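Examination of the molecular architecture
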Amino acid sequence: AKNQGRNRYAFYTSDLTVTAQHRMEMENDMRRGLERNEFILHYQPKQDLASGNLNGVEALVRWQHPQRGLVDPDQFIPLAEETGLIVDLGRRIIDLACAQIADWRHAGLALPRVAINVSGVQLIGTQLVTDLRRALSEHDIPASLLELEITEDFVMNQNREAIHLLELFRDMNIQLAIDDFGTGYSSLAYLKELPLDTLKIDRSFVAGLPGSHHDAAISQTIIVLAHNLGMSVVAEGVETPEQRQLLLEQGCDSVQGYLISAPLPPTQFVTTFLKTVPS
Ligand code: C2E
Ligand code: CA
Ligand code: CA
Ligand code: CA
């Protein structure tokens, strides 16, 4: 038994060590990946429900890892947030998106607004404003082509500073959307305080449509709430024509999801969704 206890202790310590070591390895790996430009963006279209036209696109990061292949953001964003690397990664993401927008514009393509996901960590301090201003001027693109998707967790701790930051974005003419709306723990009070343009209905509510009365009640309520507050609504994770139909009947503005398209690499996104501006 004594031996066993010892082993158990040894097991736990080595386990903790391995975890810490694994985290450190991953952090170093991410730094290396940043240096070697291994992070890329895929693009998912947003469709206007009434017309069927493309009316937006969301940039979603992926890690093109030399050994592990294409790695999804859920595998590295949380660690990037914990370690603060998200600031450098976030700057890279902004730069990639702005460079892409500039490329598409120079190619004479008609572009909808491009949405970038922003972590709460990036909204502490004014670094993000600096990064955005620099990227916009460097790539010479209008701020009106950008939208930021932020989550409720951030606005939940609505302090003066956070509100001020969002007001800065509004003054810059950058649109703001609340991502995963309805999944956070915040009260609705912040909705009237903040300069928001769009609410995104979380995929978890869309999944039960059209069958679930509860989910239908939630999506309908979010749509009415948004419209009454002068905001537009995007439903994410739309996978079936029946879901799209119900959302259309409920007055939702736009949809996004596999029904329209999965997120695509830039070249594929262009050929499938972008058209040359008629001259
Ligand atoms: P999100 O912002 O809520 O993005 C939606 C996620 O749902 C994406 O996963 C997208 O590929 C996936 N999705 C889209 N349509 C459908 C559908 O019809 N069905 C289903 N089941 N899924 C769908 P992805 O790309 O793996 O991103 C996961 C999360 O990682 C994002 O959730 C976002 O929170 C975060 N993320 C992604 N890119 C970035 C980024 O550039 N910066 C930051 N800070 N976070 C990011
Ligand atoms: Ca998003
Ligand atoms: Ca979501
Ligand atoms: Ca999310």
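Heads up: the structure comes first, above all this text.
One structure accompanies this document, and this report is about it.

Definitions and cut-offs
Residues numbered from 1 in each chain as written. Chains lettered and ligands numbered in written order. Predicted model: local features only at pLDDT ≥ 70, side-chain atom pairs only at ≥ 80, totals over all residues. Heavy atoms only, no water. Helix = DSSP H or I, 4+ residues; strand = E, 2+ residues; numbered from the N terminus. Rg over C-alpha atoms; globule rule 2.2 N^0.38 Å. Buried < 20%, exposed > 50% of the residue type's maximum accessible area, 1.4 Å probe, protein only. Contact = heavy atoms within 4.5 Å. Areas by Shrake-Rupley, 256 points an atom, 1.4 Å probe, with all protein chains shown as cover. Lys, Arg positive; Asp, Glu negative; His and termini not counted. Charge placed at Lys NZ, Arg CZ, Asp CG, Glu CD. Salt bridge = Lys/Arg side-chain N within 4 Å of Asp/Glu carboxyl O. Axes fitted to C-alpha atoms, helices over the stretch in contact; angles between N-to-C directions. Parallel < 35°, antiparallel > 145°, perpendicular 65-115°, else oblique. Left-handed = near helix turned anticlockwise from the far one by under 90°. Nonpolar A, V, L, I, M, F, W, Y, C, P; charged D, E, K, R; others polar. Donors = N, O, S within 2.8 Å, 3.2 Å for Na, K, Ca; no water. Near = heavy atom within 4 Å. Polar contact = N/O pair within 3.5 Å; in protein donor to acceptor, adjacent residues only side chain to side chain.

**Concerning the overall build of the chain**
Scanning the chain for helices and strands turns up 11 helices and 9 strands. The C-alpha atoms of the chain give a radius of gyration of 21 Å, which matches the 19 Å a tight globule of 279 residues would have. When each of the 279 residues of the chain is scored for burial, the buried share is 46%. Long-range pairs, those at least 24 residues apart, make up 66% of the contacts in the chain between residues at least 6 apart in sequence. With an accessible surface of roughly 14400 Å², the chain has 50% of that area assigned to carbon and sulfur atoms. Seen as two clouds, the 23 positive and the 36 negative side-chain charges of the chain have centres 6 Å apart.

**Observations concerning the pattern of salt bridges**
Taken as a whole, this structure holds 13 salt bridges when the rule is applied. A salt bridge links R31 to E27, with the shortest nitrogen-to-oxygen separation between them at 2.8 Å. Placement of the pair is R31 and E27 together in helix α1 (residues 2–35), with a separation of 4 residues, close to one helical turn. In this structure, K46 and E149 form a salt bridge, with 2.9 Å as the shortest nitrogen-oxygen distance. Linking K46 in strand β1 (residues 39–48) with E149 in strand β5 (residues 146–151), this pair joins segments that are 103 residues apart in sequence. Given the relative accessible area of 1%, E149 is considered buried. The network of salt bridges with shared partners includes K46, E58, E147, E149 and K200.

**Quick word on the packing of helix α4 (residues 127–138) against helix α6 (residues 160–172)**
Where α4 contacts α6, the two axes come as close as 11 Å, and the packing angle between them is 15 degrees. Overall, the two elements α4 and α6 adopt an arrangement that is roughly parallel. Here the hand of the crossing between α4 and α6 comes out right-handed. For the pair formed by α4 and α6, the contact residues are L128, V129, L132, R133 and L136 on the first element and L165, L168, F169 and M172 on the second. Residues belonging to the contact of α4 with α6 are distributed by class as follows: 8 nonpolar, no polar and 1 charged.

**Considering the coordination of the calcium ion (ligand 3)**
Every protein donor of the calcium ion (ligand 3) is listed here as D180 (OD), D202 (OD), E236 (OE) and E236 (OE), and their distances to the metal cover 2.0 to 3.0 Å. If you list the donors of the calcium ion (ligand 3) from N- to C-terminus, the spacing comes out as D-x21-D-x33-E.

**Description of unusual backbone geometry**
Note the cis peptide between L209 and P210, where omega equals 0 degrees. Relative to the helices and strands, P210 is located in the loop between α8 (203–206) and α9 (213–228). Positive phi values are uncommon outside glycine, yet N37 reaches one of about 55 degrees. Take N37: it is sitting in the loop between α1 and β1. Even without a glycine there, the phi angle at D180 is positive, about 50 degrees. Its place among the elements puts D180 in strand β6 (residues 175–181).

**Some points on the coordination of the calcium ion (ligand 2)**
Bound to the calcium ion (ligand 2) are the protein donor atoms E58 (OE), N117 (OD1), E149 (OE) and D179 (OD), situated 2.2 to 2.3 Å from the metal. Sequence positions of the donors to the calcium ion (ligand 2) reduce to the motif E-x58-N-x31-E-x29-D. Between the calcium ion (ligand 2) and the calcium ion (ligand 3), the interatomic distance is 5.6 Å. Residue N117 is found in strand β4 (residues 114–117), and its partner E149 is found in strand β5; the two are separated by 32 residues along the sequence. According to the relative accessible area criterion, N117 is partly exposed, its value standing at 27%.

**Some remarks on the site of ligand 1**
Of all residues adjacent to ligand 1, which total 22 residues, the nearest are R62, S119, R203, E239 and Y258. Taking Y258, its main chain carries an N or O atom lying 2.8 Å from an oxygen atom of ligand 1. Those elements that place two or more of their residues in the shell around ligand 1 are β2 (54–65) and β6. In terms of residue count, the dominant contributor to the shell around ligand 1 is β2 (4 residues). For the shell around ligand 1, the per-class residue count stands at 8 nonpolar, 6 polar and 8 charged.

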